[in-house]
Amino acid sequence: MNGLAKDVRHGARRLVKDPGFTAVAVLTLALGIGANSTVFSWINATLLSPIPGAAEPQRLIAVMRGRSASFSYPDYVDLRTRTQSFSGLTAAALCPMSFTGHDRPERVWGMLVSANYFDVLGVRPAAGRGFLPAEDARGTAPVAVISYRIWQERFSGSRDVLGQTVPINSHDYTIVGVAPPAFQGSATGLRIEVWVPLALTEEMAPDAKGQLDARNITWLGAIGRLRSGAERGTAQAEMTGLFEQIARENPESHKGRTTVTLYPLWRSPNGANGLFSRLLPLLLGIAGVVLLLACANLANLVLARGLSRRKEMAIRLSLGASRGRLVRQLLAENLALALAGCALALAGTGWAAGSFMRFAPTTNLPVWLTVPIDERVFLATLVISLLTAFLFGSLPALRASAMDPIGALRDESGGSAGGRRGGRLSRGLAIAQIAFSLVLLVCAGLMIRSFRATRTFDPGFNMHNVLLESYDLLPAGYSEAQASAFNRQVLERARTLPGAESAALSDWVPLGFGSNSDEFVPEGYAAGKQEAIEAGVAHVSPGYFATMQIPLVAGRDFSERDAAESGPVVIVNQALADRYWPGQQTLGKRMRIEGKWATVAGVARNSHYYDLEEPPRPFVYLPLEQFFASDVTLHVRLAGDPLVSAAAATERIHQLNPGLPVFDVGTLETRIEPVTFGIRMAATFCGAFGALALLLATLGIYGVVAYGTRQRTREFGLRMALGAQPGDVVRLILRQGMGMLLIGSAAGLAAAIVAGRLLNRLLFGVGAGDPATFAGVTLLLAAVGLAACYLPARRAVRADPIRALRAE
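Residues numbered from 1 in each chain as written. Predicted model: local features only at pLDDT ≥ 70, side-chain atom pairs only at ≥ 80, totals over all residues. Heavy atoms only, no water.

Right, let's get into the confidence of the model for the protein. Of the residues in the protein, 86% reach a pLDDT of 70 or more, and the chain-wide mean stands at 85. The low-confidence segment residues 413-419 (pLDDT under 50) makes 13 contacts with residues lying over four places distant or belonging to another chain. (pLDDT = per-residue confidence, 0-100. Contact = heavy atoms within 4.5 Å.)

Here you go:
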C-alpha cells in the first residue's frame, strides 16, 4: 500500500511538469465522472432513499389496489387485521391544510395517517412521539405531528412546542411530536408539513363526512412492512386473496379489478419514483456512455504522451526495470489523474445535485427533493474514478511496457513498427469515440425533438395567457352558501382586471399532478356484472369553457340559472357520450353522480386531462353552484402577460377576506409542466451529454489524424518532392478520416437503434427510429469529423518537403 502511495505521489509530480496534458486530462475525466456521479446522487436521493429517515426501507412495500389505485378506509382496516405477511400496514392520504402557527396564515400540505404510521415506517420523532394506537379511534383528541422545518421556522426549535395547540383548518390541534430533519413524508418528492390521525378526517375536512365508512370511496395509499423472511411475491398472492374475499363480502362496492399489486418503494407509483424509476436508470446509462467516451479520448491522449516517452521507457527497461514495474508506474500516474478528476467531479456534483429542483414542475402539490452528497455518493464517485483509471490507462500502459527497448532507442522518431501499431490502437479508440458519440447524439436528438413536440402539442384547450390563483374556503369556516356567494364576488372582481377577457373557477387544473374521478350511473346503460363505471370529474363555474377555450359540440354552457335550487345539470365530453349512449341523443340524458340525478345540458370536445398520450376517456363537468367544492382555482384569461395582473388579482380576493391564504399563483402554461417534466429533464441532460460527446469525438478524431500525419511526415515530403499535388495529400489524409467515420458511424447507428428503443417510453411525438434524427445526427458528425481531419491535412501540405525530409 505504501508502495502504491509512493508511485501515485511520483506520478503526480511528473504530471505537474506537463501542465497542458494534465489540465486537459483532468477536465475530461471530471466531465465523464461528474456526469455519472450527478445522476447517481439523484438516484441515491430517490430510488435508494425513497423515505429518508425510515428504518430498513428494503422491507417497506407500497400496496396498491389493481395496478396503481388506492383503498377505502374499511378495506384498509380489513386488510390490516387479516394479513399475515406484513408486521404492520399503514395508510395515508394527502390533505391540504391552512396552518396558522404563531403569526401568519399559511397553506401547507399535510397527511391524514393511521396511528401506526411512524411505527410501520420506523421513523423516530426528533422530539415528542408519534401517534398512539388509541388515536385511531373516532372521537380521539385532536393531535398533530409537525415537520422539522415548521418546528424550526415557526417555533424556533423550542422544546416547549410539545403540548402547544395550533389552529389547523379552523380546529385547534395539540402538537405531540416533531418529525426528524430528513423525513418529509412517505411520498417521494413531496414535502409534508403536518401529520394528523385518520380518525380526525371529518374534523379536518367536513366535506369528507361519511368517508371513513364508505367502501366505494377509494382515497388511501397503503405501505406495509414485510415480516422477516416474507417474500414480496408470496405477500402479493396473500393480499390479492384477501381483497378478493373482501370483494365477495361487499360486491356492490367492489366492481372491477380485485387484484392487489405490491411494489418496492423505489418504483412505487405514489410520489415521484413512478417517473424516476424509468427516467434515472436511462440517464445513468447515457452518462455511462459519456464516461466510456471520455476514457477512449484519454486513452488516446495517454498513447500520444507515451510516444514522447518511448526513449525514457526503453532506457529504464535496458537498465533492468521490469515490465510490471513500468506498468505499475504508468497506472499510478493514471490513478493520480483519476483522483484529481474525482475531486473536481465531486465539486461539480455538489453544484449539479442542487440544480435538481430547477427542473421541478410548477404544481399545486408540495414538490421538494433534497439531494445530499453523502458517503454513498462519495464512495460511488471514488469507485467510478478507480474504474476510469483502469479503463483509460491499462491499454496504453501495457502497450508502452511491451516495446522493444533496442528498437525504440534506434528509432526515436516514432515511425517504427511500434509507432504504427500504436497508430492502429489510436484509430481503434477514435472509432469507438465516433460510435459512442453517435449514440449520445441520437439520444439527444430524439429527446430534444420530443420536448419540442410537447411545446406545440394541442391538449384540447388554449393554455396560453391564463392566470391561476387558488384558495380554499372550507378551512376558513365558510358554509356552502357563504362560499358560493364569495365565489360569485371573486368572479365579478376578476372580470374587471385590466385586459381580462373571461374568468371562471374550477377545483381542478388539467395535465397537473392532481386527479379526481367518481363513479356514476348513466341512464339507460346496462352495466356488466363487474363493470366499474367512473369518469374524471371537475367542478366548474359558468364561463369555464370560454376561459379554457374548450369548444362545445352540442348543447349549452353553464349559466347563472344553474343555481343550487334549480335542477342539477352536467356537461359531458364526447368520449363519455360515445361510450354510454352510442348513436343516441346525449342532450337530455340523465346520470346519477355525487348523490344527485342530473341532466346532460351540453357535450364538450375531448381534451387531454391527465397525460399527453392518454386515449380519449370519459369526463364530466359539474356546475360549482350545484355540486360544491371548497378548494378552487381562479382562471382568468388576459390579453397580455398573465403574471402582470397576478398581484391585482390577489388583491381583489383579499379585499373580500384579507386573511384568506391565496396560493399556487402562476400561469396555466407552467401548471401543466408536470406531464413534460421527464421529457424536459431528459432532453436537457441528453442535449448536454450530446454536446460533450461531439466535442470529445472531434478532439479524438483530430488527435488521431494529427498523430498519423506526424508519423507520415517523411512520406508526405517524399510524395510532394516527387510531384504530388497538395490536394492529393489532403485527399489521402481525408480518406483515412472517412474510413474511421464510416466504421464508427455504422457501429454507432446499430447501437443507437437499441438505445432509441430503450428511450421509447420517454419519447413523445417522435418514433424511436426517427429517420430525420438519425440522418441529421450522422451528417452532423460526418461534417464535424471531416473538419477535424482537414485541419491537420492542411498543416501537412503547408510544410516544406525539403525540411520534412531533412527532419527525418
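From this point, the narrative continues.
This part covers the packing of helix 14 (residues 480-494) against helix 17 (residues 646-656). The contact between helix 14 and helix 17 brings their axes to 10 Å, and the two run at 145°. Our pair here, helix 14 against helix 17, has a crossing hand that is right-handed. Contacts from F486, Q489, V490, R493 and A494 in helix 14 reach R652, I653, Q655 and L656 in helix 17. In terms of residue class, the contact of helix 14 with helix 17 is built from five nonpolar, two polar and two charged. (Axes fitted to C-alpha atoms, helices over the stretch in contact; angles between N-to-C directions. Helix = DSSP H or I, 4+ residues; strand = E, 2+ residues; numbered from the N terminus. Left-handed = near helix turned anticlockwise from the far one by under 90°. Nonpolar A, V, L, I, M, F, W, Y, C, P; charged D, E, K, R; others polar.)

The subject of this paragraph is the environment of G543. Structurally, G543 is set in the loop between strand 14 (534-540) and helix 15 (544-548). For G543 and A503, which are 40 residues apart along the polypeptide, the C-alpha to C-alpha distance reads 6.4 Å. If near-sequence neighbours (up to four positions away) are discounted, G543 is found in contact with A503, A504 and D557.

It is worth spelling out the pairing of strand 2 (residues 86-99) at this point. Among the 14 residues that make up strand 2, twelve are buried, leaving the element largely enclosed by the rest of the structure. Two elements, strand 2 and strand 9 (residues 221-226), share six bridges in a ladder whose sense is antiparallel. Within the sheet, the bridge partner assigned to A91 lies in strand 9 and is A222. Pairing of strand 2 with strand 3 (residues 106-113) involves eight bridges; the strand directions are antiparallel. Counterpart to C95 in the pairing with strand 3 is G110. (Buried < 20%, exposed > 50% of the residue type's maximum accessible area, 1.4 Å probe, protein only. Pairing = 2+ DSSP bridges.)

Once that is clear, we can look at the packing of aromatic side chains. The full count for this structure, using the stated rule, is 26 aromatic pairs. Consider the rings of Y148 and W151, whose centres lie 5.4 Å apart with planes at 80°: the pair is edge-to-face. Placement of the pair is Y148 and W151 together in helix 5 (residues 148-155), with a separation of three residues, close to one helical turn. Classification of Y148 by relative accessible area gives partly exposed; the value is 28%. Taking 6.4 Å as the distance between ring centres and 50° as the angle between the ring planes, the aromatic pair formed by F545 and F558 counts as tilted. Linking F545 in helix 15 with F558 in the loop between strand 15 (552-555) and strand 16 (569-573), this pair joins segments that are 13 residues apart in sequence. (Phe/Tyr/Trp six-rings, centres within 6.5 Å; stacked < 30°, edge-to-face > 60°.)

Residue placement: T90 occurs in strand 2. The buried category is assigned to T90, whose relative accessible area is 2%. Looking at T90, its side chain comes within polar contact range of the side chain of N116, at 3.3 Å. Each residue touching T90, except ones within four places of it in the same chain, is listed here: Y76, S114, N116, Y117, V120, G221, A222 and I223. (Polar contact = N/O pair within 3.5 Å; in protein donor to acceptor, adjacent residues only side chain to side chain.)

Moving on to the pattern of salt bridges. Following the criterion strictly, the structure yields 16 salt bridges and no others. D770 is paired through a salt bridge with R449; the nearest N and O atoms lie 2.3 Å apart. On the criterion of sequence distance, the pair formed by D770 in the loop between helix 21 (726-759) and helix 22 (771-798) and R449 in helix 13 (residues 417-455) is long-range, its members being 321 residues apart. Judged by its relative accessible area of 13%, D770 is buried. For R449, a relative accessible area of 38% puts it in the partly exposed group. In this structure, a network of salt bridges that share partners links the residues R149, E153, R191 and E193. (Salt bridge = Lys/Arg side-chain N within 4 Å of Asp/Glu carboxyl O.)

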